[in-house]
Amino acid sequence: MLFTLIQFRRTTSTQTWLRDWARLGAREGLVVQALAQTAGRGRLQRSWHSPYNEGLYLSVLLRPAIPLARASHLTMLVSLAAIEACQIVAGVSPAPKWPNDLLWQGRKLAGVLTELENQQDRLSYAVIGLGLNVNTDFSETPLAETAISLQQITGHSVKLPALRDAYLDALAKRYQRFLAGESPVPAWKARLEPLGRSVRVVQPGQTSVEGVAIDVNAAGALLVQDSTGAIHTIWAGDVTVNS
Ligand code: BTN
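What comes next concerns the included structure.

Parameters at a glance
Residues numbered from 1 in each chain as written. Predicted model: local features only at pLDDT ≥ 70, side-chain atom pairs only at ≥ 80, totals over all residues. Heavy atoms only, no water. Phe/Tyr/Trp six-rings, centres within 6.5 Å; stacked < 30°, edge-to-face > 60°. Buried < 20%, exposed > 50% of the residue type's maximum accessible area, 1.4 Å probe, protein only. Helix = DSSP H or I, 4+ residues; strand = E, 2+ residues; numbered from the N terminus. Pairing = 2+ DSSP bridges. Axes fitted to C-alpha atoms, helices over the stretch in contact; angles between N-to-C directions. Parallel < 35°, antiparallel > 145°, perpendicular 65-115°, else oblique. Left-handed = near helix turned anticlockwise from the far one by under 90°. Contact = heavy atoms within 4.5 Å. Nonpolar A, V, L, I, M, F, W, Y, C, P; charged D, E, K, R; others polar. Polar contact = N/O pair within 3.5 Å; in protein donor to acceptor, adjacent residues only side chain to side chain. Salt bridge = Lys/Arg side-chain N within 4 Å of Asp/Glu carboxyl O.

1. Re the packing of aromatic side chains
Then, number 1: The final tally for this structure, using the stated rule, is three aromatic pairs.
Then, number 2: Ring centres of Phe-8 and Trp-17 lie 5.3 Å apart, and the angle between their planes is 65°; this geometry places the pair in the edge-to-face category.
Then, number 3: Overall, the relative accessible area of 22% leaves Phe-8 in the partly exposed class.
Then, number 4: Plain terms: the ring middles of Trp-17 and Trp-21 are 5.4 Å apart, the flat faces sit at 20° to each other, and that makes the pair stacked. Separated by four residues within a single helix, Trp-17 and Trp-21 lie in helix H1 (residues 14-23), roughly one turn from each other.
Then, number 5: An aromatic cluster is built from Phe-8, Trp-17 and Trp-21, whose rings are joined through pairwise contacts.

2. Things to note about the sheet that holds strand E10 (residues 222-225)
Then, number 1: Taken together, the five strands give an open sheet; going across it, the order is E11-E10-E9-E8-E12, and neighbouring strands pair in antiparallel fashion. Unpaired on one side and paired on the other, strand E11 (231-234) and strand E12 (238-241) mark the two borders of the sheet. Across the sheet, the mean angle from the axis of one strand to that of its neighbour is 45°, orientation sign disregarded.
Then, number 2: One ladder, built from four bridges, connects E10 with E11; its direction is antiparallel. Pairing of Gln-225 across the sheet is with Ile-231, part of E11.

3. Focus on unusual backbone geometry
Then, number 1: Here the residue pair Trp-98 and Pro-99 is connected by a cis peptide bond, since its omega of 0° sits within 30 degrees of zero.
Then, number 2: Checked against the element boundaries, Pro-99 lands in the loop between strand E4 (95-97) and strand E5 (101-104).
Then, number 3: Here the bond from Glu-193 into Pro-194 is cis, since omega is 0°, no more than 30 degrees from zero.
Then, number 4: In this structure, Pro-194 sits in the loop between helix H5 (185-190) and strand E8 (198-202).
Then, number 5: Look at Gln-120: it is not a glycine, yet its phi comes out positive at around 50°.
Then, number 6: Mapping Gln-120 onto the fold places it in the loop between strand E6 (107-119) and strand E7 (122-133).

4. So, the packing of helix H2 (residues 72-90) against helix H4 (residues 160-179)
Then, number 1: It is at 8 Å that the axes of H2 and H4 come closest, and there the two elements cross at 140°. Comparing the axis directions of H2 and H4 gives the class oblique. For the pair H2 and H4, the sense of crossing is right-handed. Where H2 abuts H4, its residues His-73, Leu-74, Leu-77, Val-78, Leu-80, Ala-81, Ala-82, Glu-84, Ala-85, Cys-86 and Val-89 lie against Ala-162, Leu-163, Ala-166, Tyr-167, Ala-170, Leu-171, Arg-174, Tyr-175 and Phe-178.
Then, number 2: Of the residues contributing to the contact of H2 with H4, the split by class is 17 nonpolar, one polar and two charged.

5. Examining the side chain of Lys-97
Then, number 1: If you trace the backbone, Lys-97 turns up in strand E4.
Then, number 2: A polar contact of 2.9 Å, which involves the side chain of Lys-97, links it to the backbone oxygen of Val-239.
Then, number 3: Discounting chain neighbours no more than four positions away, the residues touching Lys-97 are Leu-103, Leu-192, Glu-193 and Val-239.

6. Re the environment of Leu-113
Then, number 1: In this structure, Leu-113 sits in strand E6.
Then, number 2: For Leu-113, a relative accessible area of 11% translates into the label buried.
Then, number 3: Between the C-alpha atom of Leu-113 and that of Ala-34, which follows or precedes it by 79 residues, the distance is 15 Å.
Then, number 4: Apart from residues lying up to four places away in sequence, Leu-113 is in contact with Gln-15, Arg-41, Gly-42, Arg-43, Asn-100, Val-127, Ile-128 and Gly-129.

7. So, the pattern of salt bridges
Then, number 1: All told, the structure shown has 11 salt bridges when counted by the stated rule.
Then, number 2: Glu-84 is the salt-bridge partner of Arg-174, the closest N and O atoms lying 2.8 Å from each other. Placement of Arg-174 in helix H4 and of Glu-84 in helix H2 is noted, with a sequence separation of 90 residues between them.
Then, number 3: Residue Glu-84 is classed as partly exposed on the basis of its relative accessible area, which comes to 23%.
Then, number 4: In this structure, the salt-bridge partner of Glu-193 is Arg-197, at a minimum N-O distance of 3.1 Å.
Then, number 5: Owing to a relative accessible area of 39%, Arg-197 belongs among the partly exposed residues under this scheme.
Then, number 6: Taken together, the shared-partner salt bridges connect Arg-19, Arg-41 and Glu-115 into one network.

Structure follows, in structure tokens:
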């Protein structure tokens, strides 16, 4: 698939911009990148700090003819493509964390935001945003313990265009294979945090769950087994690993 790239120096949010265009019928493969965002958004109504030229802030529009139940696979494709780009361009190999982060030594390197529109149980489109910390220095900030950038890991600045191109190349190839029937679940699961660990999951609007993260199901939900042996299927939430 060919991507069409629109680049802004600054916009409110690539995600909001592309979602508006998706609603108006924009074609699959439209990609929007901004060098800075004034209203970058994360999951669970959080904001995404997007300083100029310090990160990859980019959203992609996809319209695969798939059941809604497989839409989480698109988030996995994006995570895997971002990992590949970090490996190729910076020699850094982050791990995916359920449901949508990339971690490096326990700190957040990137986050993925997936927004969907459906018609009954079929997907009409997905707008998938990637925010990757590239040249930000978090060391003297309140996020020093929780966030990290490629520059901090490698000790040198990383070129945004090279990273973006490697990401889009990897995504195009993985998406092609996905359309041909390949599931991204095994590759995503192979290094997924926090499989096998004792966790606490806070679910939006629901009670929290404590237990061991034993698996993810075919739709990408996390399976957590509590101390009574009951298995909870977690579709959304924040996971912290109990030490
Ligand atoms: C998260 O970790 O909660 C997801 C963060 C996603 C941030 C990206 S940056 C590009 C795109 N535009 C946005 O406003 N958000 C996503």
